[in-house]
Amino acid sequence: MRTKPILANLTPYVPGKTIEEVKQSYGLERIVKLASNENPFGFSDYVKSGLQQAVEGLEIYPDGYARELRTTLSKTLSVNEKQLIFGNGSDEVVQIICRTFLEPGSNTVMATPTFPQYRHNALIEGAEVREVPLDQGFHNLSEMLKQIDEHTRVVWICNPNNPTGTMINQQAFESFMEQCPDNVLVVMDEAYVEYVSSSDFPDTLSALSSYNNLLITRTFSKAYGLAALRIGYGIASESIISSLEPSREPFNTSSLAQKAALLALEDQSFIEETYKSTVETKQELQEFCENNGLTYYPSETNFMLVHLPISGDEMTEYLLRNGFIVRSGEALGIPNSIRLTIGKQEHMEEIMDAMGEKLAESRQV
Ligand SMILES: *Cc1c(COP(=O)(O)O)cnc(C)c1O
């Protein structure tokens, strides 16, 4: 049978090893997963208790418009209800954007390395993908602007960027929006917004009233700790949202996910505690790096990309044998580095010890 030719060049997403796989192949009792930037504190107890109720009524299709969640979220964000679109994870919002705007003959501009789903979905739609290398781990916005031409439909800015954790600031964002043609959609992927400490993070929500070509994506998968339920969203002008709607499956988010997201919004204290712990523990990891002569990108997220004097694969393998799953930089396009999620403080102390041992060992050889 004949598939779309582009699919021959695409590989399915290779997830990090699961906890069970690692336990079995390394004969370990306990595994700490620091590979996918999940919340080490799980999710709010308030969500857990409230969710029992949503288990009733699973025979009924979910509300395809996610009314309850939509109303609450629109109030939280101070946007109109029609400015929101929900997805089966923000991954699906990315897919919906690509289905809507991209086709053969069009192109799309993004950084590299960045979140891989922009490229993947754009290629499936037959668009040309223009990738602009990061500059010291940061988006090179002036080069990205240069790549825009009359066939460009979408520009992706992952802010803060995955896998580097770096952010572009308010001034850089405004200057980019001013120079970007207004018929090109600018997607700001803010999957880690809850973790940002900088007071100079762009106020993209306020910018929605000035730019009709701006779309922001956010998710309940990271700080809210609901990755398994798959729910994320996009925020944009009413006109962009209504152009996206036909590309969305009618019942794309489940009733459980909608309910959990709604409850999660009601417990902001969970987010505050998550934030506080992450910032403190990230500080400790930074000090460890400095004491060990390791450089890293400044991170506004719950993960850090740490450069190593050895290959990322070698460190990843060593850490695996010691019960820690991290992401090797080789797999992310940044050789001799690892990306690790900021976990619970006690686990981070252990992983720093293990990294220290491996570094000492490699210095002796
Ligand atoms: C994790 C992540 C997402 C995807 O989140 P889902 O809502 O779980 O699909 C999107 N963008 C970035 C940059 C991410 O790291």
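- By the naming in an unreviewed UniProt entry, the protein goes by Histidinol-phosphate aminotransferase and is assigned to Pontibacillus yanchengensis Y32.
- As recorded by UniProt, the Pathway (unreviewed entry) comment attached to the protein reads in full: "Amino-acid biosynthesis; L-histidine biosynthesis; L-histidine from 5-phospho-alpha-D-ribose 1-diphosphate: step 7/9."

### Considerations on the environment of Leu-208
Okay, so step 1: As for its placement among the helices and strands, Leu-208 is situated in the loop between helix H8 (204-207) and strand E7 (214-219).
Okay, so step 2: Along the primary structure Leu-208 and Val-279 are separated by 71 residues, whereas in three dimensions their C-alpha atoms are 29 Å apart.
Okay, so step 3: The residues touching Leu-208, leaving out its near neighbours within four places in the chain, are Val-79, Gln-83, Leu-214, Ile-216, Ile-235 and Ala-236.

### Digging into the sheet that holds strand E9 (residues 303-307)
Okay, so step 1: In space, the 3 strands of this open sheet follow the order E9-E12-E11, with antiparallel pairing throughout. With one partner strand each, in any of the chains shown, E9 and strand E11 (327-328) form the two edges of the open sheet.
Okay, so step 2: Taken together, the 5 bridges between E9 and strand E12 (residues 337-341) define a ladder with antiparallel strand orientation. Residue pairing for E12: Phe-303 is matched across the bridge by Thr-341.
Okay, so step 3: Helix-sheet contacts for helix H11 (residues 268-291) involve E9 and E12, and the interaxial angle to E9 is about 5°.
Okay, so step 4: Each of E11 and E12 touches helix H12 (residues 312-321); the most contacted strand, E12, lies at about 40° to it.

### Quick look at the layout of surface pockets
Okay, so step 1: In this model, the second largest pocket occupies a volume close to 330 Å³.
Okay, so step 2: Lining the second largest pocket are 17 residues; nearest its centre among them are Lys-33, Glu-38, Asn-39, Pro-40 and Gly-42.
Okay, so step 3: Looking at side-chain class alone, the lining of the second largest pocket contains 7 nonpolar, 7 polar and 3 charged residues.
Okay, so step 4: Both domains that furnish three or more residues to the lining of the second largest pocket are identified here as domain 1 (5-43 + 269-363) and domain 2 (45-266).

Reading the values: rules and limits
Along each chain, the written sequence defines residue order, and numbers are assigned to residues from 1. Local features in a predicted model are, by the rule used here, given only for residues with pLDDT of at least 70; side-chain atom pairs are given and counted only at 80 or more, and totals for whole chains, interfaces and linings are based on all residues. Hydrogen atoms and water are omitted, and side-chain values are computed over all heavy atoms in the structure. UniProt positions are given in the numbering used here, feature names are shortened, and annotations may be inferred rather than shown by experiment. Secondary structure follows DSSP: runs of H or I at least 4 residues long count as helices, runs of E at least 2 residues long count as strands, and numbering of each begins at the N terminus. We call two residues in contact when some of their heavy atoms are within 4.5 Å. When DSSP finds at least two bridges between two strands, those strands are taken to pair. Helix axes are fitted only over the stretch in contact, all axes being lines through C-alpha atoms; the angle between N-to-C directions runs from 0 to 180 degrees. Within this scheme a cavity is a closed region of a 1 Å grid, computed over the protein atoms alone, that accommodates a 1.4 Å probe without allowing it to escape, whereas a pocket is open but has protein on both sides within 12 Å along at least five of seven lines; lining residues each have an atom within 4 Å of a point. Grid points are joined across faces, edges and corners, and a volume is the space filled by probe spheres set on the points. Asp, Glu, Lys and Arg are counted as charged, while Ala, Val, Leu, Ile, Met, Phe, Trp, Tyr, Cys and Pro are counted as nonpolar; the rest, among them Gly, fall into the polar class. The domain limits used here are those given by an automatic or database domain assignment.

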